[in-house]
Structures are given as C-alpha cells and as structure tokens.
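Understanding the architecture of this molecule
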Amino acid sequence: MNMALRSYEHFESGAGRINLERIHRFAEVTNSDAHAILAALAIGSPAFALRCADNKLATIIAVVLQEFDEEAGDAIADLDARTIINAFTKTLKDLADQSVRKDAEAEAWLAERKGRLMTPARDDGSGDA
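What comes next concerns the included structure. (Residues numbered from 1 in each chain as written. Predicted model: local features only at pLDDT ≥ 70, side-chain atom pairs only at ≥ 80, totals over all residues. Heavy atoms only, no water.)

Let's shift gears to a nonpolar patch on the surface. Together, Ile-61, Leu-65, Phe-68, Leu-79, Ile-84, Phe-88, Leu-92 and Leu-95 line one region of the surface with nonpolar side chains, adding up to about 680 Å² of accessible area. Every element with two or more residues in the nonpolar patch is listed here: α5 (57-72) and α6 (81-114). Top contributing element to the nonpolar patch by residue count: α6, with 4 residues. Mapped onto the fold, Phe-68 is located in helix α5. Judged by its relative accessible area of 35%, Phe-68 is partly exposed. (Patch = residues over 30% accessible without salt bridge, like charges linked within 9 Å, V, L, I, M, F, W, Y side chains within 5 Å. Areas by Shrake-Rupley, 256 points an atom, 1.4 Å probe, with all protein chains shown as cover. Salt bridge = Lys/Arg side-chain N within 4 Å of Asp/Glu carboxyl O. Helix = DSSP H or I, 4+ residues; strand = E, 2+ residues; numbered from the N terminus. Buried < 20%, exposed > 50% of the residue type's maximum accessible area, 1.4 Å probe, protein only.)

With that settled, the discussion passes to the side chain of Asp-33. Considering the arrangement of structural elements, one finds Asp-33 in the loop between α2 (20-30) and α3 (34-43). Buried charged residue Asp-33 carries no salt bridge. Nearest counter-charge: Lys-56, at 6.6 Å. Within the structure, the side chain of Asp-33 is placed 3.1 Å from the backbone nitrogen of His-35, a separation counted as a polar contact. Here Asp-33 is in contact with Ala-27, Cys-52, Ala-53, Lys-56, Leu-57, Ala-58 and Thr-59, once residues within four sequence places are set aside. (Lys, Arg positive; Asp, Glu negative; His and termini not counted. Polar contact = N/O pair within 3.5 Å; in protein donor to acceptor, adjacent residues only side chain to side chain. Contact = heavy atoms within 4.5 Å.)

As a further point, take the pattern of salt bridges. Evaluated as defined, the whole model comprises 4 salt bridges. Between Asp-94 and Lys-90 there is a salt bridge whose closest N-O contact spans 2.8 Å. Of this pair, Asp-94 and Lys-90 both sit in helix α6, separated by 4 residues, roughly a single helical turn. According to the relative accessible area criterion, Asp-94 is partly exposed, its value standing at 37%. Measuring nitrogen to oxygen at the nearest pair gives 3.0 Å for the salt bridge that ties Lys-93 to Asp-97. One end of the pair is Lys-93 and the other is Asp-97, both in helix α6 and 4 residues apart, which spans about a single turn.

Turning next to the environment of Ala-27. Tracing the backbone shows Ala-27 in helix α2. What makes Ala-27 buried here is its relative accessible area of 5%. A C-alpha to C-alpha distance of 8.3 Å links Ala-27 and Ile-37, two positions 10 residues apart in sequence.

Our next topic: the nonpolar core. With 10 residues, the main nonpolar core is built from Ile-23, Ala-27, Ala-34, Ala-36, Ile-37, Ala-40, Phe-48, Ala-49, Cys-52 and Ala-58. Listing elements by their share of this core, those giving two or more residues are α2, α3 and α4 (46-52). Filtering out sequence-adjacent residues up to four positions away, Ala-34 remains in contact with Ile-23, His-24 and Ala-27. (Core = buried A, V, L, I, M, F, W, Y, C linked by side-chain atoms within 4.5 Å.)

The quantities given are spatial measurements derived from coordinates; they are silent on function.
Set out below in structure tokens:
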C-alpha cells in the first residue's frame, strides 16, 4: 500500500480519519470490496465487508447506481420513498432467498447422489471383514 508500517497499523485498527484513497488501495491489494468497507462503516457491520470481499456486492451496487443515475437523471427526484423501499426490499429479499435455495438445492443434489458412491465396509472390531 506504499505506507509506513505504523500508518498501516493505524489504518487497520481504525484509528484516525477515514482516508478513501487508502481504503481503495487496501481493497485493491487484498482483492476485497472498497465500497463494502465503506458501507460496513455506515451500517455498523464489519462482517458485511468480509461477506462482500469475494463477490464485490457493494461495488456492483455502486456501478448499478451510477448507471441508474446516468439513465434516469432528474427523474430520480420524482421517485417516492415507498417505491424505492419496496423495490430494494424485494430485490434484496429475492437475493437472500436465492442464496438459501441454492444451498438447499446443492445439499439435496449431494444427498441424492452420494448414496451411489462405493463406501468402505465398516470394521466393527469383531475381526470379520
């Protein structure tokens, strides 16, 4: 990150002011999500940054928001809060449901198929094979 060890220790411990450049450099070096780190601070959930490190959820949301801003422009101001809340709540709930469903489908797939695998005979200690 091109910083002194002491500065890095302060950065890592959260001491001092938030430095956007350092957060972005840290995320680049660690292949994590800079936007998730910032969101984690805002929502008070350090775990959120860890959860987004691999899939870059918060960066994806930032990119989609940027595109939305470019496409919708001033019409964004005409959206009412209830519509926005309902849209995001539904979308995020659908994502969470998809993740749970995906896990359940994977477990069911494995349970159905692993019975076909050859398994070693159990040794019950009687000496009989």
